[in-house]
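Architecture at a glance
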Number of protein chains: 2
Amino acid sequence: MHARVTVTLKPGVLDPQGQAIVGSLASLGFSGIAGVRQGKVFDVALDKTDRAQAEAAVRDMCEKLLANTVIENYAIELRT
Amino acid sequence: MHARVTVTLKPGVLDPQGQAIVGSLASLGFSGIAGVRQGKVFDVALDKTDRAQAEAAVRDMCEKLLANTVIENYAIELRT
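This one's a predicted model, so the numbers in the text were calculated from it and none came from an experiment.

Let us look at the packing of helix H1 (residues 16-27) of chain A against helix H2 (residues 51-66) of chain B. Packing of H1 of chain A against H2 of chain B leaves a shortest axis separation of 11 Å and a crossing angle of 105 degrees. When the axes of H1 of chain A and H2 of chain B are compared, the pair comes out roughly perpendicular. On H2 of chain B, the residues touching Ile21, Ser24 and Leu25 of chain A of H1 of chain A are Met61, Leu65 and Leu66 of chain B. A class-by-class count of the residues in the contact of H1 of chain A with H2 of chain B yields five nonpolar, one polar and no charged.

Before going further, it helps to examine the interface of chain B and chain A. Opposite the 33 residues of chain B that make contact, chain A presents 33 residues. Summing both sides of the interface, chain B and chain A together bury roughly 2600 Å²; the carbon and sulfur share of this comes to 67%. Counting the surface chain B buries against chain A, the share from its top three residues, Phe30, Val41 and Leu65 of chain B, is 19%. Residue assignment for the side of chain B that touches chain A shows that the elements contributing at least two residues are strand S1 (2-9), helix H1 (16-27), strand S2 (33-46) and H2 of chain B. Counting residues per element, the side of chain B that touches chain A draws most heavily on S2 of chain B, at 14 residues. A class-by-class count of the residues in the side of chain B that touches chain A yields 17 nonpolar, eight polar and eight charged.

The next thing to look at is the layout of surface pockets. Its volume calculated, the largest pocket comes out at about 270 Å³. Along its surface, the largest pocket is lined by 16 residues, and Gln38 and Lys40 of chain A together with Gln38, Gly39 and Lys40 of chain B are the ones closest to its centre. Taken together, the residues of the lining of the largest pocket break down into three nonpolar, seven polar and six charged.

We now examine H1 of chain A. Over its twelve residues, H1 of chain A extends 17 Å from the first C-alpha to the last, a length consistent with the 16 Å expected when each residue adds 1.5 Å. Elements that come into contact with the buried residues of H1 of chain A comprise strand S2 (33-46) of chain A together with S2 and H2 of chain B. Once H1 of chain A finishes, glycine 29 of chain A follows within two positions and takes phi at roughly 100 degrees, a positive value.

On to the relation of the copies chain B and chain A, then. Mapping chain B onto chain A is achieved by rotating through 180 degrees and translating by 0.0 Å along the same axis, at an RMSD of 0.0 Å. Taken together, the turn and the small shift mark the pair as related by a two-fold rotation axis. When C-alpha positions in chain B are compared against the rotation axis, the closest is assigned to lysine 40 of chain B, at 2.2 Å. When the interface residues of chain B are mapped onto chain A, 100% of them again lie at the interface, so the same face is used by both copies.

Right, let's talk about the sheet that holds strand S3 (residues 72-79) of chain A for a bit. With respect to topology, six strands assemble into an open sheet ordered S3(A)-S1(A)-S2(A)-S2(B)-S1(B)-S3(B), the strand pairing being antiparallel. At either end of the open sheet lies a strand with only one pairing partner, and these are S3 of chain A together with strand S3 (72-79) of chain B. Pairs of neighbouring strands in the sheet enclose a mean axial angle of 20 degrees, with direction left out of account. Where strand S1 (residues 2-9) of chain A meets S2 of chain A, six bridges bridge the pair, whose relative direction is antiparallel.

All names here are of chain B. When you line up the elements, aspartate 43 lands in strand S2. Taking relative accessible area as the criterion, aspartate 43 reaches 16% and is therefore assigned buried. A polar contact of 2.8 Å, which involves the side chain of aspartate 43, links it to the side chain of arginine 4.

Looking now at the confidence of the model for chain A. Averaged over every residue, the pLDDT of chain A is 96; the share at 70 or more is 100%. Put simply, helix H2 (residues 51-66) of chain A is where chain A has its lowest mean pLDDT, 96, and S1 of chain A is where it has its highest, 98.

About the thresholds
Residues numbered from 1 in each chain as written. Chains lettered and ligands numbered in written order. Predicted model: local features only at pLDDT ≥ 70, side-chain atom pairs only at ≥ 80, totals over all residues. Heavy atoms only, no water. Axes fitted to C-alpha atoms, helices over the stretch in contact; angles between N-to-C directions. Helix = DSSP H or I, 4+ residues; strand = E, 2+ residues; numbered from the N terminus. Parallel < 35°, antiparallel > 145°, perpendicular 65-115°, else oblique. Contact = heavy atoms within 4.5 Å. Nonpolar A, V, L, I, M, F, W, Y, C, P; charged D, E, K, R; others polar. Buried area = accessible area lost by both parts, 1.4 Å probe. 1 Å grid on protein atoms, 1.4 Å probe; cavity = no way out; pocket = protein on both sides within 12 Å on 5 of 7 lines; lining within 4 Å. Points joined across faces, edges and corners; volume = space filled by probe spheres on them. Expected span 1.5 Å × (residues − 1). Least-squares fit on C-alpha atoms with pLDDT ≥ 70 in both. Pairing = 2+ DSSP bridges. Buried < 20%, exposed > 50% of the residue type's maximum accessible area, 1.4 Å probe, protein only. Polar contact = N/O pair within 3.5 Å; in protein donor to acceptor, adjacent residues only side chain to side chain. pLDDT = per-residue confidence, 0-100.

Shown next as structure tokens:
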């Protein structure tokens, strides 16, 4: 079973990297960009075949390692 | 209009950061992890309201800045 974990900054948390990308896009000639927020994605391949067990394990991984839950949100998508 | 760009390493490209995460998860007691691949996500807020125009602009951003198309794939999801 595969899990895709998407970790994004919580609203209100400053994102200097995203702001730098806005600046770079503007200097490349792109206009009309209201903002960019950068996040991370983790594709986790699991041996587990039970969906509920896999989701619980991945949620635990997010809480313990993959996301900093003080400033980041995470979303989990499971695929067989 | 909002676009979510997901940039992932192409299959076969080494991902040392993903391997480090597998090691960290193992040392935290997680078992049965076949692999982890790390990628990036960009949430781009655009002033454009036309879907086709927005998609073309975001595709251009990916080719020019957001992704290194030699080693990375990208996927674009548009939301109003």
